[in-house]
Number of protein chains: 2
Amino acid sequence: MSLIECVPNFSEGRDEATLAALEAAILSVSGILLLGREADPDHNRSVFTFVGEPAAVVEAAVRAVGVAAERINLTQHQGVHPRIGAADVVPFVPVEDLTLADCIPIAHRAGEEIWRRFGVAVYFYEAAALAPDRERLENIRLGKITGGPDLGSPHPTAGATVVGARQFLIAYNINLATPDLGIAQDIARQIRTSSGGLPHVKALGLPLASRNQAQVSMNLTNFEVTPPHVVFQAVEAAARARGVAIASSELIGFVPRRALEMAFNDLLRFENFHAARVLENALAAKLKESAR
Amino acid sequence: MSLIECVPNFSEGRDEATLAALEAAILSVSGILLLGREADPDHNRSVFTFVGEPAAVVEAAVRAVGVAAERINLTQHQGVHPRIGAADVVPFVPVEDLTLADCIPIAHRAGEEIWRRFGVAVYFYEAAALAPDRERLENIRLGKITGGPDLGSPHPTAGATVVGARQFLIAYNINLATPDLGIAQDIARQIRTSSGGLPHVKALGLPLASRNQAQVSMNLTNFEVTPPHVVFQAVEAAARARGVAIASSELIGFVPRRALEMAFNDLLRFENFHAARVLENALAAKLKESAR
């Protein structure tokens, strides 16, 4: 069974009736597993995480975009998070028996339905981008691209939706045993891709007033290249060089099993570990094989 | 469906024809899932891991012991691993819908068939032991018990087989970047339970002639108390104190998923990690829920 994940971001994080309507739209498609729903009132934004077979996930995403277009009026929107649409970003992520390449036509199909059914303009980004300058979401948001939407023209109240295919993103924070924000910012700069650090890492230094700690807040956009344990080691070394210890690590949302397998393999310096050495994996594979 | 695992150890790790005959005997029973087969030439020992319903697993184990008794001559055996039988140890392990207590009569039935069909003496150990001094495999191997085998008397060339029921065991070796056997033996003594080290750890220092390395060879008999990463850290510290580096780690057989989750949580110092944060676990839980 192929499984794909969709993590749509909507420009509504306050009105419970709208959040409930978005959830109902997603769950109106059978075979959808809703893993998470998070809303932030300051950002005035919500994120739903759901998984299922591709056709069901596309349908659930499209229906939710329809509800967003109907209920969210961007011209009256207030919130600190940048946005260009009522349904702002709709990424599709490979989970099981599916590659990133497989997710590209799936994203394109979803985009076509969004334009066709609701008259909401669509931009395609990341792996589903139709031109290199549209790969980065920031470029589309900031208008740093040539030409308009890939499909249609902006909806008067619902704007445009950015639809794409990307790898699983791990939201990972490391809290330092110091309130010194400068140190967290220095470490973030040292390890992030944009200033020559580790590949596929976005990082910011943030103050955590309630804890009297500074945090290195990160998105790992390709964990198979740069997994959490590699980031942990880099941050630990950078902190140690500044005389600071790590207080703890924090995960926002989910982490794929593969990231645990990579950490186990590397940190215990295995010479013969692989996923099939995990009892439950071996058993599941054999059961699948014998069911054929 | 009840699933039980059997992990027989045979005193042959070099002769491919014998290994193939052992495998064929196991697979001659229908419903057996053979998860692994590993052989080590220095140990001159092989380990098969298979799973299935209890009656099938008992029959497969008994047939393989018969092949071992026929093909392996202990009087001509050379290898660094201690042993008392051609089929040396035959443990039964609960996997699904089965407790450790359920595995005791299953082990006894297997032992009775081994003595009855092949004239190979049987000792029962761990949870299947018939006397407390027979619970520990080492006591049986070293003759530190009162009386002889639980069933029969030693076979002239195949010796005795130790049959038992136990919890999942992780066979874990750490190879040192030194051929100095004394150092591996020192470290083994330092970390093993029997000399006051970590709980539920059996450890031996062994020479690996083919690699010019010394090995700390271990069995972790309760990985939820002492998981592999804790052992790795202890061996690494003990080796470092002796000026020696770790060359690599090696897993024999399988490791339960839970051991990876424990390592990930501890080594990355998570404050909010738990199994439900693993995407595939969250998904499986939802699928189970939605199937109800």
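Residues numbered from 1 in each chain as written. Chains lettered and ligands numbered in written order. Predicted model: local features only at pLDDT ≥ 70, side-chain atom pairs only at ≥ 80, totals over all residues. Heavy atoms only, no water.

1. Quick word on the overall build of chain A
Check the secondary structure of chain A and you find 8 helices and 11 strands. For 292 residues, the compact-globule formula gives about 19 Å, and the C-alpha radius of gyration of chain A, at 20 Å, lands near that figure. With respect to the principal axes defined by its C-alpha atoms, chain A has extents near 55 × 55 × 35 Å. By residue count, 53% of the 292 residues in chain A fall in the buried class. Sequence-distant contacts in chain A: of pairs separated by 6 or more residues, those separated by 24 or more amount to 72%. Looking at chain A as shown, the accessible area adds up to about 12300 Å², and 51% of this sits on carbon and sulfur atoms. The centroid of the 27 positive side-chain charges in chain A is displaced by 3 Å from the centroid of its 32 negative side-chain charges. (Helix = DSSP H or I, 4+ residues; strand = E, 2+ residues; numbered from the N terminus. Rg over C-alpha atoms; globule rule 2.2 N^0.38 Å. Buried < 20%, exposed > 50% of the residue type's maximum accessible area, 1.4 Å probe, protein only. Contact = heavy atoms within 4.5 Å. Areas by Shrake-Rupley, 256 points an atom, 1.4 Å probe, with all protein chains shown as cover. Lys, Arg positive; Asp, Glu negative; His and termini not counted. Charge placed at Lys NZ, Arg CZ, Asp CG, Glu CD.)

2. Here's the deal with unusual backbone geometry
All names here are of chain A. Residues other than glycine seldom take positive phi values, yet N212 does so here, at roughly 60 degrees. With respect to the helices and strands, N212 occurs in the loop between β9 (201-208) and β10 (213-220). Although it is not a glycine, R269 sits at a positive phi angle of roughly 45 degrees. Looking at the element boundaries, R269 is found in the loop between α7 (257-267) and α8 (279-291).

3. A few points about the side chain of S248 of chain B
Position of S248 of chain B relative to the elements: it lies in strand β11 (residues 246-252). There is a polar contact of 2.5 Å between the side chain of S248 of chain B and the side chain of E271 of chain A. If we skip the residues at most four places from it in the chain, S248 of chain B touches R269 and E271 of chain A together with N173, I174, N175 and R211 of chain B. (Polar contact = N/O pair within 3.5 Å; in protein donor to acceptor, adjacent residues only side chain to side chain.)

4. Things to note about the pairing of strand β1 (residues 3-6) of chain A
All names here are of chain A. Judged by which residues are buried, β1 turns out to be covered on both faces: L3 and E5 on one side and I4 and C6 on the other are all buried. Of the pairings in the sheet, the one linking β1 to strand β5 (residues 87-96) comprises 4 bridges and is antiparallel in character. Its bridge partner lying in β5, C6 is registered against F92. In this structure, β1 lies alongside strand β4 (residues 45-52), joined through 3 bridges in antiparallel fashion. Of the residues in β4, the one forming a bridge with C6 is F50. (Pairing = 2+ DSSP bridges.)

5. Some thoughts on the packing of aromatic side chains
Within this structure, the stated rule accounts for 10 aromatic pairs over all chains. Pairing F264 of chain A with F273 of chain A gives two aromatic rings, centres 5.3 Å apart and planes at 70 degrees, and the pair type is edge-to-face. For the residue pair F264 of chain A and F273 of chain A, the accessibility class agrees, reading buried in each case. Their ring planes at 50 degrees and their centres at 5.6 Å tell us that F270 of chain A and Y172 of chain B sit as a pair that is tilted. In this pair, F270 of chain A is assigned in the loop between α7 and α8 and Y172 of chain B in strand β8 (residues 170-176), connecting two distinct chains. (Phe/Tyr/Trp six-rings, centres within 6.5 Å; stacked < 30°, edge-to-face > 60°.)

6. Details of the side chain of N173 of chain A
All names here are of chain A. Inspection of the secondary structure puts N173 in strand β8 (residues 170-176). There is a polar contact of 3.3 Å between the side chain of N173 and the backbone nitrogen of M218. What N173 contacts, discounting residues up to four positions off in sequence, is Q215, V216, S217, M218, S248, S249, E250 and I252.

7. What to know about the packing of helix α6 (residues 228-241) of chain A against α7 of chain A
All names here are of chain A. Relative to each other, α6 and α7 sit at 55 degrees, their axes nearing to 8 Å. For the element pair α6 / α7, the angle class is oblique. Taken together, the residues of α7 that come into contact with α6 (itself represented by P228, H229 and Q233) are A259, M262, A263, D266 and L267. Of the residues belonging to the contact of α6 with α7, the class tally is 5 nonpolar, 2 polar and 1 charged. (Axes fitted to C-alpha atoms, helices over the stretch in contact; angles between N-to-C directions. Parallel < 35°, antiparallel > 145°, perpendicular 65-115°, else oblique. Nonpolar A, V, L, I, M, F, W, Y, C, P; charged D, E, K, R; others polar.)

8. Here we look at the sheet that holds β8 of chain B
Residue and element names in this part refer to chain B. Strand order in the open sheet made by the 4 strands is β9-β10-β8-β11, with antiparallel pairing throughout. Whereas interior strands pair on both sides, the edge strands pair on one side only; in this sheet they are β9 (201-208) and β11. In this sheet, adjacent strand axes meet at a mean angle of 20 degrees when their direction is disregarded. Here β8 pairs with β11 via 6 bridges, running antiparallel. Bridged to Y172 within β11 is L251.

9. Focus on the sheet that holds β8 of chain A
Residue and element names in this part refer to chain A. The strand order across the open sheet built from 4 strands is β9-β10-β8-β11, with neighbouring strands paired in antiparallel fashion. Both edges of this open sheet fall to β9 and β11 (246-252), since each of them pairs with a single strand only. Going across the sheet, the axis of each strand differs from the next one's by a mean of 20 degrees, ignoring polarity.

10. Observations regarding the relation of the copies chain B and chain A
You can overlay chain B on chain A at an RMSD of 2.8 Å; the transform is a turn of 171 degrees with a shift of 0.0 Å along its axis. Interface overlap between copies: 98% of the residues of chain B at the interface are likewise at the interface in chain A, consistent with a symmetric, same-surface contact. (Least-squares fit on C-alpha atoms with pLDDT ≥ 70 in both.)

11. Thoughts on the interface of chain B and chain A
On the chain A side, the residues contacting the 50 residues of chain B number 49 residues. Taking both partners together, chain B and chain A bury about 4500 Å²; carbon and sulfur atoms supply 67% of that area. When the buried area of chain B at its contact with chain A is split by residue, R257, R269 and L279 of chain B rank highest and sum to 16% of it. Counting across the chain B and chain A interface gives 5 salt bridges. Residues R211 of chain B and E271 of chain A are paired through a salt bridge, measuring 2.5 Å at the closest nitrogen-oxygen approach. For the pair chain B and chain A, the interface holds 31 residue pairs in polar contact (both at pLDDT 80 or more). Contributing elements (two or more residues each) for the side of chain B that touches chain A: β1 (3-6), β3 (33-40), β8, α6 (228-241), β11, α7 (257-267) and α8 (279-291) of chain B. Looking at the side of chain B that touches chain A, the element that brings in the most residues is α8 of chain B, giving 8 residues. Across the side of chain B that touches chain A, the residue classes tally to 30 nonpolar, 8 polar and 12 charged. (Buried area = accessible area lost by both parts, 1.4 Å probe. Salt bridge = Lys/Arg side-chain N within 4 Å of Asp/Glu carboxyl O.)

12. Section: the pairing of strand β4 (residues 45-52) of chain B
Residue and element names in this part refer to chain B. Buried residues dominate β4, accounting for 8 of its 8 residues. On β4, burial covers both faces: R45, V47, T49 and V51 on one face and S46, F48, F50 and G52 on the other are all buried. Direction of pairing for strand β2 (residues 9-10) relative to β4: antiparallel, over a ladder of 2 bridges. Note on β4: the bridge partner recorded for F10 is S46. Summarising the sheet, β3 and β4 pair through 7 bridges and their orientation is antiparallel. Note on β4: the bridge partner recorded for D40 is R45. With antiparallel pairing between neighbouring strands as the criterion, β3 and β4 make up a hairpin whose turn holds 4 residues, including N44 at a positive phi of roughly 50 degrees.

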